[in-house]
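A structural walkthrough
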Amino acid sequence: MQAITQLLQAARSGDRAAADQVVAQLYVDLQRLARRHVRDAGHLTLLDTTALVHEAWLRVAGSQGAEFPDRRHFLAYAAQAMRSVVVDLVRARRAERRGGGEAHLTLDTALADQLPQADEDVLRVHEALDELAQVEPRLAQVVEMRYFAGLREPEIAEALGVTERTVQRDWQKARLFLSMSLAA
């Protein structure tokens, strides 16, 4: 753990070799995160876990000003990047499916109701999580760390500097908020 923290600090100061070593050492964790995203997205994305890890790494490596003081923070940020990759792919597929910039014209309204809604669900969850982040940023962080990064409550508590009980309460509040947002 200490070695990862030192490598993250070196990478933050511009050491490209240290950044590459971080990815190499955390590749198994990144694969686990990607497997979860690919499994949850199902047929919505054509990416496999390796491609998702690489796409997320490109976003993480290209981010300016992002700080990762330790492994947990890095994995939480990587989970956000993976979520972003999946959502961007869904949006692109929706645009293609609907004719890109072309106006969509349906003469039979029954056909419009039969269009697949799975893409809609992914975007609704993404939008609900963004809305939660605007209202209660820490609750959104708890969801991202727990659901997307797969961190346990003690790890989340340490990363956020709160107690485990606070993380548990935040998780309950976030689930309630998201379920009400998605039901609306």
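A brief structural summary.

Parameters at a glance
- All chains use their own residue numbering, which begins from 1 and follows the written sequence.
- Local features in this predicted model are restricted to residues of pLDDT 70 or higher, and side-chain atom pairs are both shown and tallied only at a pLDDT of 80 or more, whereas totals for entire chains, interfaces and linings draw on every residue.
- Note that water and hydrogens are dropped before the side-chain values are worked out from all heavy atoms of the structure.
- Labels follow the DSSP assignment, with helices taken as runs of H or I lasting at least four residues and strands as runs of E lasting at least two, numbered in each case from the N terminus.
- Only protein chains enter the area calculation, which uses a 1.4 Å probe; residues under 20% of their type maximum are buried, those over 50% are exposed, and those in between are partly exposed.
- Whether two residues are in contact is decided by their heavy atoms: any pair within 4.5 Å suffices.
- Per-residue accessibility takes into account occlusion by the displayed protein chains alone, with areas from the Shrake-Rupley method and a 1.4 Å probe.
- Basic side-chain nitrogens of Lys or Arg form a salt bridge, by our definition, when they fall within 4 Å of a carboxyl oxygen of Asp or Glu.
- Counting of polar contacts relies on pairs of N or O atoms within 3.5 Å, with two restrictions inside protein: one atom must be capable of donating a hydrogen and the other of accepting it, and residues adjacent in sequence are counted only when both atoms are side-chain atoms.

**Overview of the overall build of the protein**
Helices and strands together make up the secondary structure of the protein, namely nine helices and zero strands. Starting at the N terminus and ending at the C terminus, the protein contains elements arranged as α-α-α-α-α-α-α-α-α. Counting every position in the protein, which comprises 184 residues, the buried fraction comes to 38%. Counted over contacts in the protein with a minimum sequence separation of 6, partners at least 24 positions apart contribute 64%. If you sum the accessible surface of the protein, you get close to 10600 Å²; carbon and sulfur atoms cover 53% of it.

**Some points on the pattern of salt bridges**
Scanning the entire structure with this criterion turns up seven salt bridges. Between Arg-59 and Asp-88 there is a salt bridge, with the nearest N and O atoms lying 2.9 Å from each other. Of the two residues, Arg-59 sits in helix α3 (residues 49-62) while Asp-88 sits in helix α4 (residues 71-97), which places them 29 residues apart along the sequence. Using a relative accessible area of 32% as the deciding quantity, one classes Asp-88 as partly exposed. Its salt-bridge partner being Glu-144, residue Arg-83 comes within 2.8 Å of it at the nearest N-O pair. Of the two residues, Arg-83 is situated in helix α4 and Glu-144 in helix α7 (residues 137-148); the sequence distance between them amounts to 61 residues.

**A word on the side chain of Thr-166**
As for its position among the elements, Thr-166 is in helix α9 (residues 164-183). Judged by relative accessible area, which is 14%, Thr-166 ranks as buried. Polar side-chain contacts of Thr-166 include one of 2.8 Å to the side chain of Thr-163.

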